[in-house]
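# Structural features, examined
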Amino acid sequence: MPKTVDAIDQRQFEQWADAWWDPDGPFMPLHRLNEFRCAWLLDRIGGGGELPLKGRRVLDVGCGGGLASEAMARAGATVVGLDVTARSIEVARHHAQQSGVDVTYFCCTVEAHLDANPVPYDLVLNLEVVEHVSDLPAFLSACAKLTRSRGHQVIATINRNPIAGLTTIWAAENLLDILPKGTHQYSKLVKPRELKQLLARDGFDDFIQAGVFYNPFTKTVKQSWHSLMNYLVVAQRA
């Protein structure tokens, strides 16, 4: 099975791993985005109540330090987090233990997890991941096989266009210094139609798409009427 990990990105995230849980550190925007995305997602596919994901199995691909993994576990889900960065997994395990949150973490690729023959999940999260892989079609194919029939895959990423490149890469990483330099490569950003075509190829339909806007001055996140920059896609497998 093809390896979809981008070695350059892996090395960069290894260097940044100790900062995952610093709300005022280099991943500060991700903390704000994670709060918005998790709440948005639970409103749409959660079962309501205090534990809206009770009884659901969730796979958090590219989990980093475990921000979304812990949020899903607190919502009642049984959560597995995957990341190829060993130090990120160490940080995620330590934080979950300190916080008393039950999440199972593995340092491996999504392909290796698939090869281990796990039972497909109710929900597969790919939050800020697809723009960092080396072979997007192969990566999404593996994620599809890990999603049960009528289960959902959720993808959060950045659109590919000059406006997105200017704001989310050049301005964010160089002018405003709100993301570590080298976080994103413009050529690896994905347009929504490209993403949906690959998901449809793998048997997904019933798409929900939403634009996401992060204000770097107020440090707030809200849903946007457009998907020019950050966006979310929820798809259900047939």
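Below or above, wherever it landed, is the structure these notes cover. (Residues numbered from 1 in each chain as written. Predicted model: local features only at pLDDT ≥ 70, side-chain atom pairs only at ≥ 80, totals over all residues. Heavy atoms only, no water.)

## What to know about the nonpolar core
With 33 residues, the main nonpolar core has L41, V58, M72, L123, L125 and V154 as its most contacted residues. Of all the secondary structure elements, the ones that give two or more residues to this core are α2 (28–45), α3 (67–74), α4 (86–99), β3 (103–107), β4 (121–127), β5 (147–158), β6 (204–215) and β8 (230–237). In terms of residues, this core owes the most to one element, α2, which gives seven residues. When sequence neighbours within four positions are dropped, the list of residues in contact with V154 reads L41, L123, V124, L125, N126, L127, L232, V233 and V234. In this structure, L59, V80, V110 and L136 belong to the second largest nonpolar core, which totals 28 residues. (Core = buried A, V, L, I, M, F, W, Y, C linked by side-chain atoms within 4.5 Å. Buried < 20%, exposed > 50% of the residue type's maximum accessible area, 1.4 Å probe, protein only. Helix = DSSP H or I, 4+ residues; strand = E, 2+ residues; numbered from the N terminus. Contact = heavy atoms within 4.5 Å.)

## Re the pairing of β4
When you tally the buried positions in β4, you get seven out of seven residues, the bulk of the element. Taken together, the four bridges between strand β1 (residues 57–61) and β4 define a ladder with parallel strand orientation. In the sheet register, L59 faces β4, and the bridge partner there is V124. Note on the crossover from β4 through helix α6 (residues 136–145) to β5: the handedness is right-handed. (Pairing = 2+ DSSP bridges. Right-handed = clockwise from strand over helix to strand, strands pointing away.)

## Here's the deal with the packing of aromatic side chains
In this description, an aromatic ring pair is defined by two values, namely the gap between the centres and the angle between the planes. A full pass over the atoms with the stated rule returns one aromatic pair. Ring geometry for W20 versus F27: centroids 4.2 Å apart, planes at 5°, classification stacked. Given a relative accessible area of 7%, W20 falls into the buried group. What makes F27 buried here is its relative accessible area of 4%. The ring of Y121 is capped by R57, whose NZ or CZ atom sits 4.2 Å from the centre of that ring. (Phe/Tyr/Trp six-rings, centres within 6.5 Å; stacked < 30°, edge-to-face > 60°. Lys NZ or Arg CZ within 6 Å of the ring centre and 35° of its normal.)

## Description of α4
Relative to the 20 Å expected for 14 residues at 1.5 Å per residue, α4 spans 20 Å between its end C-alpha atoms, a close match to the ideal helical length. Regarding α4, the residues found buried are S88, I89, V91, A92 and A96. Down the axis of α4, the sector holding all buried residues measures 160°, keeping them to one side. Within α4, the exposed residues directed more than 90 degrees away from the buried face are Q97 and Q98. Positive phi appears at G100, one or two residues downstream of α4, with a value of about 70°. (Expected span 1.5 Å × (residues − 1). Arc of directions from axis to C-beta.)

## Some thoughts on the environment of N230
Here N230 shows up in strand β8. Of the residues examined, N230 reaches a relative accessible area of 13% and is grouped as buried. As for N230 and E128, which are separated by 102 residues in sequence, their C-alpha atoms are 9.6 Å apart. In this view, N230 contacts E128, T157, I158, T168, G211 and V212; residues no more than four positions away in its chain are not counted.

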